[in-house]
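# Fold and contact review
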Amino acid sequence: MNTTPSKTTTPSTTTPPAGTTDPAEGSADAVTEEATAQDSLVKDPATDSPAKDPAPKDATGTPSDAADSGTAPDDLAGQSDDDDDDALEPDPFDEARHGVGAGAAAVVSAALGVVALTGAWTGRVAAERETLIGQIQTSGGGSAAQQISEIYGDAWHTTALVNGVFAVLALLVGVFVLVRPAFGAPSERPQPTWVRAVALAGVALGVLGVLISAGMYFDLFVSLPTAGVPAGG
């Protein structure tokens, strides 16, 4: 009889060294990561590319980025149209200010022309002064022709001279208004029609006043009265 005890073999329960992983656990983790990657990279059947998360939507269900990108060009286009309309539409204040100085000068020219034809108080005062001077000079005695010339003729000529000065001023101002657009900085808008019309009227009145004043001063229209020869002289 064999009395030697039999040997029994037991499975090895040796603990693996530190820093190493169990092959079974490693394979399980790899399978789990692969499944997660496949779930995250779900492909779109239409584009055959990984599907992406849709754009965030606002409360109304419309993507905020798409709304901003869609409305921004419209806002810019509307703003540019408004700017173009403002640029094309004339400013009423600019229109009102345009031609104010030229219009005032044209009115002054016409008024000076009227004064040259009708006479001014300055001409009347100057004529009365010449009359007074003539009376003083002939108070000590003098012939009738001398009295007519000193008292009446000088006053008449002085009135004609003053009216001629007003006529020349009217002529110069009117001509200046008419030729002003041809000099200086060019204007974007032409001179208003009414300004040219009034300035032209002032020029016409000025020319007429100069002619009448010259005729009065040189006694072309009416000559000075002459004293008659005394009877029996």
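Residues numbered from 1 in each chain as written. Predicted model: local features only at pLDDT ≥ 70, side-chain atom pairs only at ≥ 80, totals over all residues. Heavy atoms only, no water.

### Structural notes on the overall build of the chain
Counting its secondary structure elements, the chain contains seven helices and two strands. Start at the N end of the chain and walk to the C end: the helices and strands fall as α-β-β-α-α-α-α-α-α. Burial statistics for the chain: of 233 residues in total, 16% are counted as buried. A total of about 17,100 Å² of accessible surface is found on the chain, and carbon and sulfur atoms cover 63% of it. (Helix = DSSP H or I, 4+ residues; strand = E, 2+ residues; numbered from the N terminus. Buried < 20%, exposed > 50% of the residue type's maximum accessible area, 1.4 Å probe, protein only. Areas by Shrake-Rupley, 256 points an atom, 1.4 Å probe, with all protein chains shown as cover.)

### Some points on the packing of helix α5 (residues 121–137) against helix α6 (residues 144–179)
A pair of packed helices is characterised by two quantities: the angle between their axes and the separation of those axes. At a minimum axis separation of 8 Å, α5 and α6 run at an interaxial angle of 155°. Relative to α6, the element α5 lies roughly antiparallel. As for the relative orientation of α5 and α6, their crossing is right-handed in sense. On α6, the residues touching T122, G123, A126, A127, E130, T131, G134, Q135 and Q137 of α5 are E150, I151, D154, A155, T158, T159, V162 and F166. A breakdown of the residues in the contact of α5 with α6 according to their chemical character gives six nonpolar, eight polar and three charged. (Axes fitted to C-alpha atoms, helices over the stretch in contact; angles between N-to-C directions. Parallel < 35°, antiparallel > 145°, perpendicular 65-115°, else oblique. Left-handed = near helix turned anticlockwise from the far one by under 90°. Contact = heavy atoms within 4.5 Å. Nonpolar A, V, L, I, M, F, W, Y, C, P; charged D, E, K, R; others polar.)

### Topic: the environment of A110
Looking at the secondary structure, you find A110 in helix α4 (residues 100–118). A C-alpha to C-alpha distance of 9.0 Å links A110 and V173, two positions 63 residues apart in sequence. Ignoring anything within four residues of it in the chain, the contact list for A110 reads V198, G202 and L205.

### Examining the nonpolar core
Ranked by size, the top nonpolar core spans seven residues in total: L112, A116, A120, V162, F166, A167 and A170. Beyond its immediate stretch of four places on either side in the chain, L112 contacts F166, L169 and A170. Counting residues in each nonpolar core, the second largest holds five residues, with A105, A106, V177 and V195 among its members. (Core = buried A, V, L, I, M, F, W, Y, C linked by side-chain atoms within 4.5 Å.)

### Description of a nonpolar patch on the surface
Taken together, the side chains of L117, L161, V165, L169, L208, I212, Y217, F218, L220, F221 and V222 define a hydrophobic patch exposed on the protein surface, amounting to about 1,100 Å² of accessible area. At the level of secondary structure, the elements contributing two or more residues to the nonpolar patch comprise α6 and α7 (193–217). One can find L208 in helix α7. A relative accessible area of 41% means that L208 is categorised as partly exposed. (Patch = residues over 30% accessible without salt bridge, like charges linked within 9 Å, V, L, I, M, F, W, Y side chains within 5 Å. Salt bridge = Lys/Arg side-chain N within 4 Å of Asp/Glu carboxyl O.)

### As for the environment of V177
The residue V177 is located in helix α6 in this model. Distance from V177 to A102, taken between C-alpha atoms, is 6.0 Å for residues 75 residues apart in sequence. Leave out the neighbours within four places in its chain, and V177 touches A102, A105, A106, Q191, V195 and A199.

### A few points about α4
In an α-helix, one turn spans 3.6 residues; hence positions three or four apart end up facing the same way. The end-to-end C-alpha separation of α4 is 27 Å, in line with the 27 Å expected for 19 residues at 1.5 Å each. Buried within α4 are the following residues: G103, A105, A106, S109, A110, L112, G113 and A116. Among the structural elements, α6 and α7 are those in contact with the buried residues of α4. After α4 finishes, the residue G119 shows a positive phi value of roughly 95°. (Expected span 1.5 Å × (residues − 1).)

### Thoughts on the packing of aromatic side chains
Taken as a whole, this structure holds two aromatic pairs when the rule is applied. Plain terms: the ring middles of Y152 and W156 are 6.3 Å apart, the flat faces sit at 25° to each other, and that makes the pair stacked. Of this pair, Y152 and W156 are both found in helix α6, four residues apart, which corresponds to roughly one turn of the helix. We classify Y152 as partly exposed; its relative accessible area is 42%. (Phe/Tyr/Trp six-rings, centres within 6.5 Å; stacked < 30°, edge-to-face > 60°.)

### Some details on the packing of α6 against α7
Contact geometry for α6 and α7: axes closest at 7 Å, N-to-C directions at 155°. Judged by the angle between their axes, α6 and α7 are roughly antiparallel. In this structure, α6 crosses over α7, and the sense of that crossing is left-handed. Class assignment of the residues belonging to the contact of α6 with α7 gives a composition of 18 nonpolar, eight polar and one charged.

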